[in-house]
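Okay, here's what each chain looks like letter by letter:
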Amino acid sequence: MTRADAILEVDALERRFDVSAPWLNRLLENKPRRVLRAVDGVDFQIERGKTLALVGESGCGKSTIAKLVTGLHPPSDGAIRFHGDRDRVQMIFQDPYASLNPRWRVGRIIAEPLRTLRPETTDAEAEARVAELLGIVGLSPTDAVKYPHAFSGGQRQRISIARALAGEPEFLVCDEPTSALDVSVQAQVLNLMKRLQREFGLTYLFISHDLSVVRHMADEIAVMYLGRIVEMQPTADLFANPLHPYTRMLLDTIPDLERPNRNRSPMRGEVPSPIAPPPGCSFHPRCPLANDRCRTERPSRTEHVMGGRVACFAAEEGRI
Amino acid sequence: MTDTVLDVRDLRVEFPTRRGVLTALDGVSLSIRRGEILGVVGESGAGKSMTGMAILGLLEPPGRIAGGEIHLSGDRIDTLSESEMEQVRGRRIGAIFQDPLTSLNPLFRVGDQLIETIRLHTDLTRDQAGQRALGLLREVGIPAPEDRMNSFPHQFSGGMRQRVVIALALCAEPELIVADEPTTALDVSIQAQITALLRQLCTERGTAVMLVTHDMGVIAETADRVAVMYAGRLVETGPVDDVVRRPQHPYTAGLMGSIPGLRSDVEELSMIPGSMPRLDAIPPGCAFNPRCDKAGPRCRREAPRITGEGAACWLAMEGSTA
Ligand SMILES: Nc1ncnc2c1ncn2[C@@H]1O[C@H](COP(=O)(O)OP(=O)(O)OP(=O)(O)O)[C@@H](O)[C@H]1O
Ligand code: SF4
Ligand SMILES: [Mg+2]
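Residues numbered from 1 in each chain as written. Chains lettered and ligands numbered in written order. Predicted model: local features only at pLDDT ≥ 70, side-chain atom pairs only at ≥ 80, totals over all residues. Heavy atoms only, no water.

The name given to chain B in an unreviewed UniProt entry is Peptide/nickel transport system ATP-binding protein, with the source organism recorded as Jannaschia seohaensis. UniProt, in its Subcellular location (unreviewed entry) section for chain B, records the words "Cell inner membrane". Taken verbatim from the UniProt record of chain B, the Sequence similarities (unreviewed entry) comment is "Belongs to the ABC transporter superfamily." (UniProt positions renumbered as here; feature names shortened; annotations may be inferred.)

Chain A appears in an unreviewed UniProt entry as Peptide/nickel transport system ATP-binding protein from Jannaschia seohaensis. UniProt, in the comment section headed Sequence similarities (unreviewed entry), describes chain A in these words: "Belongs to the ABC transporter superfamily." Among the UniProt annotations of chain A, the heading Subcellular location (unreviewed entry) holds the following wording: "Cell inner membrane".

Draft legend 1. Molecular detail of the nonpolar core. One finds Ile55, Ile93, Ile166, Leu176 and Met216 of chain B to be the most contacted residues of the largest nonpolar core, which totals 98 residues. At eight residues, helix 6 (residues 158–170) of chain B tops the list of elements feeding residues into this core. Those residues in contact with isoleucine 93 of chain B, other than ones at most four positions away along the chain, are Ile55, Leu56, Leu72, Ile77, Met85, Val88, Pro174, Leu176 and Val178 of chain B. Counting 62 residues, the second largest nonpolar core, distinct from the first, contains Trp104, Ile109, Tyr246 and Cys281 of chain A. (Core = buried A, V, L, I, M, F, W, Y, C linked by side-chain atoms within 4.5 Å. Buried < 20%, exposed > 50% of the residue type's maximum accessible area, 1.4 Å probe, protein only. Helix = DSSP H or I, 4+ residues; strand = E, 2+ residues; numbered from the N terminus. Contact = heavy atoms within 4.5 Å.)

Draft legend 2. Inspection of the site of ligand 1 at higher detail. Residue and element names in this part refer to chain A. In the vicinity of ligand 1 there are 13 residues, among which Ser58, Gly59, Lys62, Ser63 and Thr64 approach most closely. Residue glycine 59 places a main-chain N or O atom 2.7 Å away from an oxygen atom belonging to ligand 1. Between ligand 1 and lysine 62 there is a distance of 2.7 Å, counted from an oxygen atom to a side-chain nitrogen or oxygen. In isolation ligand 1 has 640 Å² of accessible area, and contact with the protein removes 66% of it. Only strand 2 (35–47) and helix 2 (62–69) provide two or more residues apiece to the shell around ligand 1. Per element, the largest residue contribution to the shell around ligand 1 is three residues, and it comes from helix 2. In terms of residue class, the shell around ligand 1 is made up of six nonpolar, five polar and two charged. (Near = heavy atom within 4 Å. Polar contact = N/O pair within 3.5 Å; in protein donor to acceptor, adjacent residues only side chain to side chain. Areas by Shrake-Rupley, 256 points an atom, 1.4 Å probe, with all protein chains shown as cover. Nonpolar A, V, L, I, M, F, W, Y, C, P; charged D, E, K, R; others polar.)

Draft legend 3. Inspection of the pattern of salt bridges at higher detail. Residues and elements named next belong to chain A. Across all of its chains, the model carries 49 salt bridges over all chains by this definition. One salt bridge connects arginine 298 with aspartate 40, and the closest N-O pair in it is separated by 3.8 Å. With arginine 298 in the loop between helix 10 (292–296) and strand 10 (304–305) and aspartate 40 in strand 2, this pair connects stretches of sequence that are 258 residues apart. Given the relative accessible area of 7%, aspartate 40 is considered buried. Of the charged contacts in the structure, one is a salt bridge between arginine 129 and glutamate 132, with a shortest N-O distance of 3.2 Å. Placement of both arginine 129 and glutamate 132 in helix 4 (residues 123–136) is noted, with a separation of three residues, approximately one turn of the helix. (Salt bridge = Lys/Arg side-chain N within 4 Å of Asp/Glu carboxyl O.)

Draft legend 4. Local environment of empty space enclosed by the protein. Residues and elements named next belong to chain B. A complete count under the given rule lists six cavities of 30 Å³ or more for this structure. Here the largest cavity is characterised by a volume of approximately 160 Å³. Arg233, Leu234, Pro304, Arg305 and Ala312 are the residues nearest the centre of the largest cavity, which is lined by 16 residues in total. Among the secondary structure elements, those contributing two or more residues to the lining of the largest cavity are strand 2 (20–33) and strand 10 (233–239). In terms of residue count, strand 10 provides more of the lining of the largest cavity than any other element does, three residues in total. Of the residues belonging to the lining of the largest cavity, the class tally is ten nonpolar, three polar and three charged. (1 Å grid on protein atoms, 1.4 Å probe; cavity = no way out; pocket = protein on both sides within 12 Å on 5 of 7 lines; lining within 4 Å. Points joined across faces, edges and corners; volume = space filled by probe spheres on them.)

Draft legend 5. Focus on the interface of chain A and chain B. In this complex, chain A contributes 37 residues to the contact, which on the side of chain B involves 43 residues. Carbon and sulfur atoms supply 50% of the area that chain A and chain B bury against each other, a total of about 3700 Å² over both sides. For the interface between chain A and chain B, the tally reads two salt bridges. Of the charged contacts, one joins arginine 198 of chain A and glutamate 267 of chain B as a salt bridge, the two residues approaching to 3.4 Å between their closest N and O atoms. Counting every contact that joins chain A to chain B gives twelve residue pairs in polar contact (both at pLDDT 80 or more). (Buried area = accessible area lost by both parts, 1.4 Å probe.)

Draft legend 6. A look at the layout of surface pockets. Residues and elements named next belong to chain B. Here the second largest pocket defines a volume of roughly 740 Å³. Surrounding the second largest pocket, 27 residues form its lining, Arg89, Gly90, Thr117, His121 and Leu168 being those nearest its centre. Elements with a contribution of two residues or more to the lining of the second largest pocket: helix 2 (82–91), strand 6 (93–96), helix 3 (110–121) and helix 6. Tallying contributions element by element places helix 3 first for the lining of the second largest pocket, with six residues. Across the lining of the second largest pocket, the residue classes tally to 13 nonpolar, ten polar and four charged. No fewer than three residues from each of domain 1 (4–92 + 172–318) and domain 2 (100–171) sit in the lining of the second largest pocket. (Domains from an automatic or database assignment.)

Draft legend 7. Region of interest: the domain arrangement of chain B. Residue and element names in this part refer to chain B. Taken domain by domain, chain B consists of domain 1 (4–92 + 172–318) and domain 2 (100–171). Measuring from the centre of the C-alpha atoms in domain 1 to the corresponding centre in domain 2 gives 29 Å. In this complex, domain 1 contributes 16 residues to the contact, which on the side of domain 2 involves 14 residues. Summed over both partners, the interface of domain 1 with domain 2 buries about 1400 Å², with 61% contributed by carbon and sulfur atoms. In this structure, glutamate 139 and arginine 205 form a salt bridge, with 2.9 Å as the shortest nitrogen-oxygen distance. Joining domain 1 to domain 2, the criterion identifies six residue pairs in polar contact (both at pLDDT 80 or more). For the side of domain 1 that touches domain 2, the secondary-structure elements that each account for two or more residues are helix 2 and helix 7 (188–205). Element by element, the count of residues in the side of domain 1 that touches domain 2 is highest for helix 7, at eight residues. Residues belonging to the side of domain 1 that touches domain 2 are distributed by class as follows: ten nonpolar, three polar and three charged.

Printed below as a string of structure tokens:
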């Protein structure tokens with residue numbers, strides 16, 4: 001089911017981490033090796049020029065996927081196929097304080113990907129390009145001579161975006177790009193990212209735990225739970241007709257400004273440990289629809305039910 | 001109004017620095033009744049945590065209260081000595097912070113921490129205190145509380161730790177709880193559990209709650225009334241539904257428009273131009289005037305103020321900014 005215009009295809013992607021106690025402790029205390037499946041069989045495609053969002057609670061594997069896609073981690077299994085120029089992938093991180101080298105001037109920070117991409121660039125060309133990029137993200141060309149500490153969180157995130165653009169990307173992986181920002185600053189950055197996508201035809205893998213941000217930004221949404229995608233649908237469909245019980249509960253617990261609900265019943269339980277996930281469907285201990293099959297058998301990840309892709313027996317069996 | 005628990009009048013907090021005195025809070029007036037949740041909302045640096053700290057008597061020196069009064073159920077508390085205030089903090093005001101580990105001692109079992117705190121503030125015996133501790137853990141929704149009494153804080157998840165902190169804040173049955181970003185570090189599904197718990201305590205025990213957060217969604221679903229802060233000042237106060245649906249202050253309106261909705265479709269989020277001024281660069285007149293598209297001459301001259309409900313905006317108060 002490869003899409004002709006897919007820029008990225010991810011198939012049965014897995015990433016395991018060895019989280020065992022040190023070798024000697026294991027020997028002395030007779031402890032087994034322990035493996036954490038941070039990403040446990042994930043498939044998706046992203047269409048060129050579109051935004052796919054990954055959402056889910058802390059620890060579900062979103063950042064690990066970002067690192068696999070950008071090559072910061074090698075996969076343990078599965079395939080990542082990029083139909084484009086591998087050098088044209090850039091990443092924007094959550095923390096605008098940690099992601100900029102404090103000892104470099106902004107001009108040098110922004111020019112770095114450009115110099116990697118085109119080593120023949122002269123200083124004058126780089127300077128002109130940096131000035132242009134600063135203008136594109138709403139900063140002033142004179143900001144190039146300043147150091148990162150002179151900027152607020154929102155301004156730093158603009159610098160990160162200018163740096164990413166300097167690499168003339170086709171594809172941007174954005175890991176919680178606005179989570180550290182105030183809402184009014186977040187609005188400025190989200191609007192900027194949408195504008196840049198239109199102007200430069202960018203493709204985004206957009207990671208966030210905030211469903212209202214994701215709804216605003218994404219064409220398609222993949223909901224993750226414990227290292228797996230449990231549901232994937234076009235944005236409007238996911239909100240109009242969520243199929244997986246976890247998605248439904250997530251949507252139910254999100255505070256809603258337009259329709260506040262003081263009496264909503266919170267989702268029960270907590271996310272289990274990824275080192276020892278429950279057998280069968282890993283959501284079953286929290287799921288109101290779980291039956292015996294859910295407790296033993298693992299729902300397949302490619303089932304197409306009612307127009308969406310969902311990994312749930314209740315959806316598959318029409319019990320939902 | 002005998003059921004007013006917290007009454008803050010015209011609070012002013014200053015920080016003397018080498019380059020002059022910074023005014024961190026200016027003319028902040030708030031009140032909270034029994035069984036009511038007041039949400040205090042604003043962006044980082046707006047002064048919401050500072051307001052909570054001033055009420056708790058925990059301002060970091062050289063910060064100091066330079067004007068105004070704070071009353072707790074009719075007793076003035078801003079003039080109390082350090083040790084008197086310590087008593088008030090344990091018994092009459094409970095505190096919950098963003099990071100539950102700041103309120104818990106990592107070296108002691110959770111049950112012992114609760115029992116110690118209860119005994120410090122009541123005349124109960126160790127056994128009675130143990131019973132109350134168990135009851136509190138049950139009340140805040142810790143499963144199998146008998147077993148968890150012997151656990152250490154690091155053996156709890158983030159959400160469970162925050163429940164323990166809430167139990168700890170409730171030990172002496174305080175009149176007021178100051179909760180500063182109590183759900184910010186938690187996952188959304190756990191966030192909802194904690195806000196539901198706060199609401200339940202507020203209704204069942206009649207505790208007054210000051211809920212400080214940057215998250216308007218949490219305020220909309222948890223608070224009864226809301227106070228919006230900007231640059232150390234109060235810009236708007238009112239019932240939460242009114243402020244969310246019909247904000248009167250241009251800053252509040254801009255803030256609401258910048259939040260992506262779960263339902264409404266807009267291609268562009270509304271933006272407030274510029275950013276909040278630093279404390280040493282607050283403009284004269286209305287602190288918001290350089291960013292406000294409705295600002296007039298009066299806004300640049302005179303600071304609008306509210307002491308009760310309403311919006312600190314000349315346009316909202318007088319119908320004109322001329
Ligand atoms: N280098 C590593 N070694 C061991 N475990 C890891 C490593 N990196 C990630 N993990 C684990 O893998 C799981 C997925 O982590 P990941 O950072 O991808 O989650 P996330 O969805 O990005 O969460 P958050 O919303 O908190 O950013 C977690 O249980 C995490 O502890
Ligand atoms: S497979 Fe079963 S347990 Fe899992 S989400 Fe569906 S109904 Fe619930
Ligand atoms: Mg992450």
